[in-house]
Amino acid sequence: MSSSQSLADSLREGVRCPVLTDESALERYSFDFGNMRPRRPQVVVRARCEEDVVHTLRVARAFGVPVSSRGSGHSIGGQCLSEGIVLAHDAEAGEARMLEDGCVEATCRGRWKRVERTLSAAGRMFPLYTNQLRTSVGGTLSVGGYGVRSFVAGAQVDHVERARLILPDGQAVWCSREENAELFRFALAGVGQVGVLERVVLRSLPERSFARLQMNRHRNLREMVDALAWTADWKGPAPELFFAEHKAGKLWSIFGSLHETEEAAKASSHPEPLVRMERERVHMVVKSEVLHKGEDEGEVFDPNTCQVMADYCLDLEGLRRFVAFLEAEPARFWLPGLDLLRVLGLSQPEDGGRWPFDLRAAFGGTSRVYGIGLYYQCRRSDRAGLEAVRAAHRACLEKCLELGGRPYLYGWMELDRDARQAVYGQDYARMRTLRQELDPRGLLNPEAL
């Protein structure tokens, strides 16, 4: 009997879900959304419940085989891939239910679309969604999770009350700011280094279904940064929504607010600095659901396309210098594969957490910083094109670190151990110590950080 067959048999003995070993299944789980580091697993476990996850981790430890946790497969740098076991969480088994205090309890294998539907049926909303509701709850919480409402609401992890965490040895514990607090800090935005997120209790707000938006056209990135500079220290009522996008040769910044009714949205007004933005300004009222993509389909990725995406977090002055760097050499960064350049405003809510590997952690108590992302698409066969975009991101990462910023761990990056130590300091050292205690052979999510 082969070692792979013995591993699969041991897994089947304790799970109630499919254990896949056929070639077609292994091929499907050999690449992720980024498709930059394909790896073929020995076996795939389609986990449907906590017991499936617990047994899989215990078997992986017994066999000394690496295991990677995979939600929707939307990672960029191969974080959810493995040459051992892929623990593929079955989104169809995801659950979400309202609690009496207005919070929602959700399994992390489920998609955000399920959370959104559950909350909407109760007249509630999560404080912020990313622009993709098809991603798994656990996937975005493992890296932080940002969206257009991060301008006031921070990160998704800031709104987690409690988390059920399955440690690398299969032990399951609840953690929060008061209970197992260190595990809580390192599990959220910690790229799965201390365990697998099984379920979470999330805060919610009263639902507001309409958004009033102001779209402002800009001639270049430096003009856009100058136009949003007021947001860094603005003390008046702030817009709830902000993002800027450079796509198809046009650059827009979009500010907005949420309202319960269309009439209230139309009657609302924007802060005075927005009123002064008169160059090619457009106002509109839309259903707030258009601000994120509501699809709930499965893993439908093109194995012939690579998504080379990365985001960089900087303070206002750092952002200004970073965009000047980009615009000084357009041929180096405005490559044929550049599908989108996006900017978000990221706040640090007073009731939010302090997450060691979060984008904002480098800036202490700064009220607002900014994330800028360059999203390239390339055919996998275009080796010269792929090397050009990798070189572009290497230059961006170097500049970001020079300016005192840090990269978003979701995206593509080439950050060696010395650079990680320099960026994350004592938190990186503490995480490595925790990981050595919890997972001495480094079997769980070994590619994630």
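Structure first, text after, so check above.
Calculation rules
Residues numbered from 1 in each chain as written. Predicted model: local features only at pLDDT ≥ 70, side-chain atom pairs only at ≥ 80, totals over all residues. Heavy atoms only, no water. Disulfide = S-S within 2.5 Å. Core = buried A, V, L, I, M, F, W, Y, C linked by side-chain atoms within 4.5 Å. Buried < 20%, exposed > 50% of the residue type's maximum accessible area, 1.4 Å probe, protein only. Contact = heavy atoms within 4.5 Å. Helix = DSSP H or I, 4+ residues; strand = E, 2+ residues; numbered from the N terminus. Pairing = 2+ DSSP bridges. Axes fitted to C-alpha atoms, helices over the stretch in contact; angles between N-to-C directions. Salt bridge = Lys/Arg side-chain N within 4 Å of Asp/Glu carboxyl O.

1. Some words on the state of the cysteines
Line of reasoning, step 1. Under the definition given, this model contains zero disulfides.
Line of reasoning, step 2. Cys306 forms no disulfide, and the closest cysteine sulfur to it belongs to Cys378, at a distance of 7.2 Å.

2. Examining the nonpolar core
Line of reasoning, step 1. Grouped together as the largest cluster of nonpolar side chains are 115 residues, with contacts concentrated most on Phe322, Leu326 and Ile372.
Line of reasoning, step 2. Here Phe322 is in contact with Tyr312, Leu314, Ile372, Leu374, Cys396, Lys399, Cys400 and Leu403, once residues within four sequence places are set aside.
Line of reasoning, step 3. In this structure, Val19, Val53, Val67 and Leu444 belong to the second largest nonpolar core, which totals 21 residues.

3. Quick notes on the environment of Leu228
Line of reasoning, step 1. With respect to the element layout, Leu228 can be found in helix H8 (residues 221–228).
Line of reasoning, step 2. Sequence separation between Leu228 and Gly345 is 117 residues; the distance between their C-alpha atoms is 9.5 Å.
Line of reasoning, step 3. Among all residues touching Leu228, those that are not within four sequence positions of it are Phe242, Phe255, Leu316 and Tyr370.

4. Description of the sheet that holds strand E6 (residues 104–107)
Line of reasoning, step 1. Sheet architecture is open: five strands sit in the order E5-E6-E10-E8-E9, paired in antiparallel fashion. Two strands close off the open sheet at either side, each with one partner strand: strand E5 (96–98) and strand E9 (172–176). Averaged over all pairs of adjacent strands, the angle between strand axes in this sheet comes to 20 degrees, irrespective of strand direction.
Line of reasoning, step 2. Where E5 and E6 come together, three bridges link them in antiparallel fashion. From the neighbouring strand, Ala96 faces E6, where its bridge partner is Ala106.
Line of reasoning, step 3. This element, helix H3 (residues 50–63), spans strand E8 (160–166), E9 and strand E10 (196–202) of the sheet and lies at about 45 degrees to E8.
Line of reasoning, step 4. Strand contacts of helix H4 (residues 112–121): E5, E6 and E10, with the helix running at about 25 degrees to E5, the strand carrying the most contacts.

5. Some points on the sheet that holds strand E4 (residues 85–89)
Line of reasoning, step 1. Pairing within the open sheet is mixed, and its four strands lie in the order E1-E2-E4-E3. In the strand order of this sheet, the two ends are held by strand E1 (19–20) and strand E3 (67–70), each with one partner.
Line of reasoning, step 2. Here helix H1 (residues 3–12) sits on the sheet in contact with E1, strand E2 (43–47) and E4, set at roughly 15 degrees to E2.
Line of reasoning, step 3. Its contacts with the sheet place H3 against E2, E3 and E4, and it is angled at close to 170 degrees to E4.

6. Examining the pattern of salt bridges
Line of reasoning, step 1. Counted under the stated rule, the structure contains 33 salt bridges.
Line of reasoning, step 2. The salt bridge involving Arg222 is made with Glu327; its shortest N-O contact spans 2.7 Å. One end of the pair, Arg222, is in helix H8; the other, Glu327, is in helix H11 (residues 316–328), and 105 residues separate them in sequence.
Line of reasoning, step 3. On the accessibility criterion, Arg222 (44% relative accessible area) is partly exposed.
Line of reasoning, step 4. Using a relative accessible area of 18% as the deciding quantity, one classes Glu327 as buried.
Line of reasoning, step 5. Of the charged contacts, one joins Arg332 and Glu329 as a salt bridge, the two residues approaching to 3.1 Å between their closest N and O atoms.
Line of reasoning, step 6. It is possible to trace a salt-bridge network through shared partners that takes in Glu387, Arg390, Arg394 and Glu414.

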